[in-house]
Amino acid sequence: MVEVQLLIGDHDRPASSGATFSRGNPVSGQEASVAPAATAADAVAAADAAAEAFPAWSALGPTERRTRLLRAADLLEARSAEFASLMTAENGATAEWGHFNVHLAAQMLREAASLTTQIAGEVIPSDVPGNLAMAIRQPVGVVLAIAPWNAPVILGVRSIAVPLACGNTVVFKASETCPATHRLIGSVLREAGLGGGVVNVLTHAPQGAAAIVDALIAHPAVRRINFTGSTRVGRIVAQTCAKHLKPVVLELGGKAPLVILDDANLGDAVNAAAFGAFLNQGQICMSTERILVDEIVADEFCEEFVKKVTSLPTGDPRQGKAVFGSVIGASTVERVQGLVKDAVAQGAKVLLGGQATGTIMPPIIVDNVTPDMEIFRQESFGPSVSITRFHSTEEAISLANDCEYGLSSAVFGRDIARALEVAKRIESGICHINGPTVHDEAQMPFGGVKASGYGRFGGKAGVHEFTELRWITIQTTPRHYPF
């Protein structure tokens, strides 16, 4: 069991109330971590600390900011085993998933570091004689970063890396489901020498989330918010931000379709579907939840897909390598089983499935799914995937778009021009041709449309989100005035 503290300014401290909460291991039920249950007063203190640190951090030269972020990336990787151990304890994650989280998060820090000298403006021609007009980007101030538990190091680091590179300071609200994992990110950044108050970390009990978030969004120093999580909570965050007229980046739920056209390389499609649907037990916003396959190749695809998934091991993530390990909790098991039960009652067929042992859940593949079934529309966020057969390319596009979500998608086909036309018509922020729906790189513009949110993380798109674009002029000659 690990005990952690809040990070406010340059100090480790308990909650102002002295209260704590614990997180249990989803497999064993044993206590994995104990963390402070922060109050609204703690939230204000964290925002005050970030505001106090902002002038010095924003004035720091880009090369020095880059140096510190690169140091943080190295330190993060050096503690990979510690992060992986915490993820297994708090979330039931496999060790492989934990180490991959650290690897990609370190790349995000390095990419952010490369951006410190890429925050560029422009000179704009003015019709006023002697007027030099410029559009410049400046840091906004304090950024509130809210990240979830499912890819805690990747998404935690993503929420703060580019804001820091742009010269902002951060209040990082940790997930109540992985408080120790998220708190360790703060420790790494402090060790890298970013400076007291540049990154502040708050942990809170589940019932305290609303008060913490409300207090932070309302704080006058907080100028930007980013939230990654469920669409339900994202709507609440968006409404609160709107009340205070504060911009927010939202990366929310998904129901990613993988479209398999009649000329697809089925071997490649099978591998991508298995990876996209079942990595981290399907608990990824980009997870392949809907496989849409041309009826001409559907039977062959299903046979090979089931064969592939059957070959993947299931087991306790604490006891060795397993592709299918623990989900985050019993509620996930119940939700997925409920969606499958509804589909079967309406005529769907389970091609592969098994009984969960506690939170250790084997994969489920459901064929003959139609848009009338809940499993076609509701995000399962678990190790299940549905298969729907289509008769034409137009029907495939219609099925792909017949969903409130629009985060990631994929299209498989040998005729690249045709596949590209299909990809252009799918309503999603991301689409991969002949690749899996689960694909993230630090430099790419990452985000969704529709109920999957708005705004973009990553690369220069992230710079746009976390800077203010200002118009500044210099009058170099006397100006004519009408009076």
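Here the structure is a predicted model, which is why all the values come from computation and not from measurement.

Participant: When you look at the sheet that holds strand E6 (residues 122-124) in this model, what are you seeing that I'm missing?
Facilitator: Two strands in a sheet stick together by hydrogen bonds in their backbones, pointing the same way (parallel) or opposite ways (antiparallel). Strand order across the open sheet formed by three strands is E6-E7-E23, with antiparallel pairing between neighbours. Strands at the two margins of the open sheet, each flanked by one partner only, are E6 and strand E23 (467-475). Shown here is a sheet whose adjacent strand axes are inclined to one another by a mean of 30 degrees, direction ignored. The pairing of strand E7 (residues 131-139) with E23 spans nine bridges and is antiparallel. Residue Gln 138 lies in a different strand from E23, and its bridge partner there is Glu 468.

Participant: Teacher, can you tell me more about the environment of Ala 15 here?
Facilitator: Within the secondary structure layout, Ala 15 lies in the loop between strand E3 (11-13) and strand E4 (20-24). Separated by 419 residues in the primary sequence, Ala 15 and Asn 434 have C-alpha atoms spaced 49 Å apart. Excluding residues that lie within four positions of it along the chain, Ala 15 makes contacts with Leu 6, Pro 36, Ala 37, Ala 38 and Asp 42.

Participant: Looking at this structure, how should I read the side chain of Ser 326?
Facilitator: With respect to the secondary-structure elements, Ser 326 resides in the loop between helix H10 (295-310) and helix H11 (330-345). A polar atom in the side chain of Ser 326 sits 2.8 Å from the side chain of Thr 359. If near-sequence neighbours (up to four positions away) are discounted, Ser 326 is found in contact with Pro 26, Val 27, Gly 92, Gln 281, Gln 283, Pro 317, Thr 359 and Ile 360.

Participant: Looking at this structure, how should I read the packing of helix H2 (residues 62-78) against helix H4 (residues 95-114)?
Facilitator: A pair of packed helices can be characterised by two numbers: the angle between their axes and the separation between those axes. At a minimum axis separation of 8 Å, H2 and H4 run at an interaxial angle of 175 degrees. On the basis of the axis angle, H2 is roughly antiparallel to H4. Contact residues: H2 offers Arg 66, Leu 69, Leu 70, Ala 72, Ala 73, Asp 74, Leu 76 and Glu 77, while H4 offers Val 102, His 103, Ala 105, Ala 106, Leu 109, Arg 110, Ala 112, Ala 113 and Ser 114. Each residue belonging to the contact of H2 with H4 can be placed in one class, and the counts come to eleven nonpolar, two polar and four charged.

Participant: Got a minute to help me understand the nonpolar core in this structure?
Facilitator: Here is a general trend for soluble globular proteins: nonpolar side chains tend to be buried in one another's company. Among the nonpolar cores identified, the biggest contains 67 residues, and Leu 76, Leu 109, Val 157, Leu 164 and Leu 189 are the most heavily contacted of them. Residues in contact with Leu 189, not counting those within four places in the same chain, are Ala 72, Leu 109, Ile 160, Leu 164, Leu 194 and Val 199. With 28 residues, the next largest nonpolar core counts Leu 6, Ala 43, Leu 250 and Leu 252 among its residues.

Participant: Mind showing me how you'd approach the packing of aromatic side chains here?
Facilitator: Each aromatic ring pair is described using two quantities: the centre-to-centre distance and the angle formed by the ring planes. In the structure shown here, the tally under the stated rule is five aromatic pairs. Measuring from centroid to centroid gives 5.9 Å for Trp 149 and Phe 381, while their planes differ by 90 degrees, and the two rings are edge-to-face. On the criterion of sequence distance, the pair formed by Trp 149 in the loop between strand E8 (142-146) and helix H5 (152-165) and Phe 381 in the loop between helix H12 (374-377) and strand E17 (384-390) is long-range, its members being 232 residues apart. A relative accessible area of 16% places Trp 149 in the buried class. Positioned above the aromatic ring of Phe 457, the side-chain terminus of Arg 158 is 4.0 Å from the ring centre. Residue placement shows Arg 290 over the ring face of Phe 376; its charged tip is 5.0 Å from the ring centre.

Participant: Would you take a moment to explain the sheet that holds strand E13 (residues 256-260) for this structure?
Facilitator: The strand order across the open sheet formed by seven strands is E15-E16-E17-E14-E13-E19-E20, and the pairing between neighbours is mixed. Looking at strand neighbours, the two that pair on one side only are strand E15 (349-352) and strand E20 (432-433), the edges of this open sheet. With three bridges joining them, strand E16 (residues 364-367) and E17 adopt parallel strand pairing. Opposite Ile 364, over in E17, you have Ser 384 as the bridge partner. Against the sheet, H10 touches E13, strand E14 (288-294), E15, E16 and E17, its axis set at about 140 degrees to E14. Together, E15, E16 and E17 form the strand contacts of H11, whose direction differs from that of E16 by roughly 25 degrees.

How each quantity is defined
Residues numbered from 1 in each chain as written. Predicted model: local features only at pLDDT ≥ 70, side-chain atom pairs only at ≥ 80, totals over all residues. Heavy atoms only, no water. Pairing = 2+ DSSP bridges. Helix = DSSP H or I, 4+ residues; strand = E, 2+ residues; numbered from the N terminus. Axes fitted to C-alpha atoms, helices over the stretch in contact; angles between N-to-C directions. Contact = heavy atoms within 4.5 Å. Polar contact = N/O pair within 3.5 Å; in protein donor to acceptor, adjacent residues only side chain to side chain. Parallel < 35°, antiparallel > 145°, perpendicular 65-115°, else oblique. Nonpolar A, V, L, I, M, F, W, Y, C, P; charged D, E, K, R; others polar. Core = buried A, V, L, I, M, F, W, Y, C linked by side-chain atoms within 4.5 Å. Buried < 20%, exposed > 50% of the residue type's maximum accessible area, 1.4 Å probe, protein only. Phe/Tyr/Trp six-rings, centres within 6.5 Å; stacked < 30°, edge-to-face > 60°. Lys NZ or Arg CZ within 6 Å of the ring centre and 35° of its normal.

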